[in-house]
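Chains, contacts and geometry: an overview
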Amino acid sequence: MGGLRCAEALRRFGYTGAITVIGEESWKPYNRPPLSKEVLAKEVSHQAVAFEERSATADVNWILGTKAVSLDVEHNTVTDSDGQTHRYSALVVATGLRPKRVVVENSELANRFALRTLDDAMALREQLQPGRNVVIVGGGFIGCEVAATATKLGANVTVIHNASHPMLRQLGDELASQMQLRHEAEGVRFLLKRSVDDLIGETSITGVKVDDGEILDCDVLVEAVGSLPNVEWLSNNNIDRNDGVLVDSAMRVTRKDGSPIKNVFAIGDIARFANPLFDGVPRRVEHWNMPTETAKRAASVIAAMLTEAPSYPGILDDDFKPLPSFWSDQYENHLLAFGLTSLADRAELAQGDIGGDCVFEYYRENQLVGVCGIGMRAAVQSYRSKFI
Amino acid sequence: MIKIEVDMTKCQHYGQCVFEAPNIFRLNNDDKLEYTAVADDSERANVEAAVDVCPMQAIRIVE
């Protein structure tokens, strides 16, 4: 997605030269969030989630089913998994994340799933049948969305989560415990402050051993325990790869000594940057609108640089402070949030009723850092102007 | 002029488009999306941004 949005924005900002996109997946870019929500509940297909192609990017050279395996910033080359070497004037690193997996002794079992790609969703969809015992490890947003979808499809769902409530880090105690109640009312069982000791089964999974000794029947295991940035291929270039890739406000990749590499950019989930809306601490933000926002920022700089526009290098100093946004659908609960609620030290009910639709404000000391609502979208929307 | 289409079978009324193109999109009192289907060319950049940020990819510009 970041690669596609960057290519589109490069054209919009006046760059007319060649653009090549190298992607590990064989699919053209598609929209990931529905994979754990409505698409997983209905028919999973590329057509259902593909981004519409635009005429401005019809001449982009797509190299799909091939991954970038090494980078040489001295010689401006990328080598791919087919052994081809590509020279660049500017490089955009948009290699995203891969799911972490549960680490156990008995690990070589069928019917273990992670959910990141369309292929993952297609494989999982086949297994979510009525009456199946589905165990989900990880009660974050992906885990809870899969729990809701699997429950609606008639599966028996248990969520094993390491904190005291699902989605606690983003929602805070009060809203997280409220969402837990709503899941439990639909039949989901939560094992909280628990982890997986081992898996049971010979070829296919049949059970999960929890760290308190309980054994759960399990036909399908879904592992939603977070992600790892795909940045290993950038090694040997002296790049700061401590949790994603450190970039400056122009999305330029930064060396370990803090200096930017002028023609190498990173965008999306892997880009770690300081957002002046909050503070000066560089962070990766895995919210959905970040690939688009960072792609546009990088493209504006790249287009100015490559077309030798008068705006370069002044454009490097332009403000970049995108407002993170996320949403989630779980049963009839539609959550919409802005900001970085996970930075907050307290949350306050601002509107509505905790048992129904409501809006929470999230504060770090006295700074409003986020807002989240169940329903009440217009009210949540109205907060955007408080950030920007 | 540009013509805008929103697939209301896909739209989940998240309102992300409202901030990109406030002259075109709005959420009504029931939290439902309303929009203006025909707009001046000067709105094109805003509407393209709205197309990009729509979580459901429900918005299209019909040339």
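Residues numbered from 1 in each chain as written. Chains lettered and ligands numbered in written order. Predicted model: local features only at pLDDT ≥ 70, side-chain atom pairs only at ≥ 80, totals over all residues. Heavy atoms only, no water.

1. Focus on the overall build of chain B
When helices and strands are tallied, chain B shows two helices and five strands. Across chain B, helices and strands are ordered from the amino to the carboxyl terminus as β-α-β-β-β-α-β. Compactness check: chain B gives a C-alpha radius of gyration of 10 Å against a globular reference of 11 Å for 63 residues, within 12% of the reference. Across its three principal axes, chain B shows a C-alpha extent of roughly 30 × 20 × 15 Å. Looking at chain B as a whole, 49% of its 63 residues qualify as buried. Here chain B displays about 3,100 Å² of accessible surface, and carbon together with sulfur accounts for 47% of that area. Charge centroids of chain B, computed over 6 positive and 12 negative side chains, lie 6 Å from each other. (Helix = DSSP H or I, 4+ residues; strand = E, 2+ residues; numbered from the N terminus. Rg over C-alpha atoms; globule rule 2.2 N^0.38 Å. Buried < 20%, exposed > 50% of the residue type's maximum accessible area, 1.4 Å probe, protein only. Areas by Shrake-Rupley, 256 points an atom, 1.4 Å probe, with all protein chains shown as cover. Lys, Arg positive; Asp, Glu negative; His and termini not counted. Charge placed at Lys NZ, Arg CZ, Asp CG, Glu CD.)

2. Some details on the side chain of Asp31(B)
Examined against the element boundaries, Asp31(B) turns out to sit in the loop between strand 2 (25-27) and strand 3 (33-35). Salt bridges are absent for the buried Asp31(B), whose nearest opposite-charge side chain, Arg377(A), sits at 5.4 Å. A polar contact of 3.1 Å, which involves the side chain of Asp31(B), links it to the backbone nitrogen of Met376(A). Not counting chain neighbours up to four residues away, the residues in contact with Asp31(B) comprise Gly375(A), Met376(A), Arg377(A), Ala378(A) and His13(B). (Salt bridge = Lys/Arg side-chain N within 4 Å of Asp/Glu carboxyl O. Polar contact = N/O pair within 3.5 Å; in protein donor to acceptor, adjacent residues only side chain to side chain. Contact = heavy atoms within 4.5 Å.)

3. A few points about the environment of Pro282(A)
Residue and element names in this part refer to chain A. Position of Pro-282 among the secondary structure elements: in strand 21 (residues 282-284). On a C-alpha basis, the gap between Pro-282 and Pro-29 in space is 27 Å, while along the polypeptide they are 253 residues apart. Those residues in contact with Pro-282 that lie beyond four places of it in its chain are Leu-246, Arg-272, Phe-273 and Ala-274.

4. Remarks on the packing of helix 5 (residues 141-152) of chain A against helix 6 (residues 168-185) of chain A
All names here are of chain A. With their axes 12 Å apart at the nearest point, helix 5 and helix 6 run at an angle of 15 degrees to one another. Judged by the inter-axis angle, helix 5 sits roughly parallel to helix 6. For helix 5 against helix 6, the interelement crossing comes out left-handed. Across the interface between the two elements, Phe-141, Cys-144, Ala-147 and Ala-148 of helix 5 pack against Gln-170, Leu-171 and His-183 of helix 6. Classifying every residue of the contact of helix 5 with helix 6 by side-chain character gives five nonpolar, two polar and no charged. (Axes fitted to C-alpha atoms, helices over the stretch in contact; angles between N-to-C directions. Parallel < 35°, antiparallel > 145°, perpendicular 65-115°, else oblique. Left-handed = near helix turned anticlockwise from the far one by under 90°. Nonpolar A, V, L, I, M, F, W, Y, C, P; charged D, E, K, R; others polar.)

5. Thoughts on the interface of chain A and chain B
Every contact between the two is made by 25 residues of chain A and, on the other side, 20 residues of chain B. For the chain A and chain B pair, buried surface summed over both sides reaches about 1,900 Å², with 46% attributable to carbon and sulfur atoms. When the area that chain A buries against chain B is broken down by residue, the three leading residues are Trp327(A), Arg377(A) and Gln381(A), summing to 27%. Linking chain A with chain B are six salt bridges. With a closest N to O distance of 3.7 Å, Arg12(A) and Asp52(B) form a salt bridge. Counting across the interface, chain A meets chain B through 15 residue pairs in polar contact (both at pLDDT 80 or more). A per-class count over the side of chain A that touches chain B returns seven nonpolar, seven polar and eleven charged. (Buried area = accessible area lost by both parts, 1.4 Å probe.)

6. Re the packing of aromatic side chains
Residue and element names in this part refer to chain A. Going through the model one piece at a time under the given rule, you end up with five aromatic pairs over all chains. Centroid distance Trp-288 to Trp-327: 5.5 Å. Interplanar angle 80 degrees. Geometry classified as edge-to-face. Residue Trp-288 is located in the loop between strand 21 and helix 7 (290-306), and its partner Trp-327 is located in strand 22 (residues 325-330); the two are separated by 39 residues in the primary sequence. Like Trp-327, Trp-288 is buried. Above the plane of the ring of Phe-51 lies Arg-5, whose end atom (NZ or CZ) is 4.7 Å from the centre. The ring of Tyr-383 has Lys-386 sitting right over it, with the charged end atom 5.4 Å from the ring centre. (Phe/Tyr/Trp six-rings, centres within 6.5 Å; stacked < 30°, edge-to-face > 60°. Lys NZ or Arg CZ within 6 Å of the ring centre and 35° of its normal.)

7. So, the sheet that holds strand 23 (residues 333-339) of chain A
Think of a sheet as strands paired side by side through backbone hydrogen bonds, with each pair either parallel or antiparallel. All names here are of chain A. Spatial strand order, 22-23-26-25-24: five strands in an open sheet with antiparallel pairing. With partners counted over all chains shown, the strands left at the sheet margins are strand 22 and strand 24 (346-352), one partner each. Taken over all neighbouring pairs, the strand axes of this sheet differ in orientation by 20 degrees on average, direction set aside. The pairing of strand 22 with strand 23 spans six bridges and is antiparallel. Residue pairing for strand 23: Ser-325 is matched across the bridge by Phe-338. Running at roughly 150 degrees to strand 25 (residues 358-364), helix 6 makes contact with strand 22, strand 23, strand 25 and strand 26 (367-374) of the sheet. (Pairing = 2+ DSSP bridges.)

8. Concerning the domain arrangement of chain A
All names here are of chain A. Annotation of chain A at the domain level lists domain 1 (2-97 + 228-317), domain 2 (101-225) and domain 3 (332-387). One C-alpha centre belongs to domain 1, the other to domain 3, and the line joining them spans 30 Å. Taken residue by residue, the interface counts six residues in domain 1 and seven residues in domain 3. In this assembly, domain 1 packs against domain 3 so that about 580 Å² is buried in total across both faces, 62% of it on carbon and sulfur atoms. Of all residues in domain 1, the largest losses of buried area upon contact with domain 3 belong to Leu-277, Phe-278 and Arg-283, amounting jointly to 75% of the total for that side. Seen at the junction of domain 1 and domain 3, the total is one salt bridge. Between Asp-279 and Arg-364 there is a salt bridge; the shortest N-O distance is 2.7 Å. Counting across the domain 1 and domain 3 interface gives four residue pairs in polar contact (both at pLDDT 80 or more). Its residues assigned to classes, the side of domain 1 that touches domain 3 shows three nonpolar, one polar and two charged. (Domains from an automatic or database assignment.)

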